[in-house]
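The primary structure of each chain is shown beneath.
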Amino acid sequence: MEKYDRIFNSQREKDSKIELANGYISATEILFEEEKTVVRIDAKGAVDFLDSEDKLIAAINIPEQTGGKEAYTEVLCSVEDDCILLKLPVVEWIDNYPHCDGEHDRWDSKIIGYHNLAFDLKTKKIVLKAF
């Protein structure tokens with residue numbers, strides 16, 4: 001487990017919300033165990049798909065988050081129809097100033113949509129897919 005931040009097993013899990021590193025360390029590696037594929041997600045929006053030997057198969061850059069943390073903080077993962085499905089939430093940040101007690105309650109966030117990615121395991125291509 002020490003090589004990857006999270007192992008996702010599609011035989012045991014239907015879907016999972018995974019917290020992403022978004023501070024000093026800004027990349028999270030998720031091993032999709034059954035699919036023998038690693039997904040590396042950077043908090044700024046770079047998504048890489050790697051084979052079991054850590055060779056790059058495909059990559060895409062998602063538009064950066066704006067406002068608030070300016071980083072992706074979570075991803076929803078699942079596997080369906082020979083595709084690894086990733087949903088990165090698009091967040092709207094709400095500034096509560098001056099109606100807050102300090103920095104701990106200054107910001108609220110609201111999910112206003114998702115960037116939906118699908119990695120087709122047969123063709124090894126990233127496709128946009130409604131899910």
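On a predicted model such as this, the values are computed, not experimentally measured, just so you know.

Undergrad: I'd love a proper account of the sheet that holds strand 3 (residues 27–32), names of residues and values included.
TA: The 5 strands are arranged 1-3-4-5-6 in an open sheet whose pairing can be described as mixed. Two strands lie at the open edges of the sheet, namely strand 1 (6–8) and strand 6 (56–61), each paired on one side alone. On average, adjacent strands in this sheet sit at an angle of 20° to one another, irrespective of strand direction. In terms of strand pairing, strand 1 meets strand 3 through 3 bridges, oriented parallel.

Undergrad: I'd like a description of the pairing of strand 8 (residues 83–95), backed by residues and values.
TA: As defined by bridge partners, strand 7 (residues 74–80) adjoins strand 8 across 5 bridges and the pair is classed as antiparallel. Looking at strand 8, one finds that serine 78 is bridged to leucine 85. The turn joining strand 7 and strand 8, which pair antiparallel and follow one another in sequence, is formed by 2 residues; a positive phi near 50° is taken by aspartate 81. Two elements, strand 8 and strand 9 (residues 107–120), share 13 bridges in a ladder whose sense is antiparallel. Note that in strand 9 the partner of tryptophan 93 across the bridge is serine 109.

So, how was this worked out
- Residues numbered from 1 in each chain as written.
- Predicted model: local features only at pLDDT ≥ 70, side-chain atom pairs only at ≥ 80, totals over all residues.
- Heavy atoms only, no water.
- Pairing = 2+ DSSP bridges.
- Helix = DSSP H or I, 4+ residues; strand = E, 2+ residues; numbered from the N terminus.
- Axes fitted to C-alpha atoms, helices over the stretch in contact; angles between N-to-C directions.

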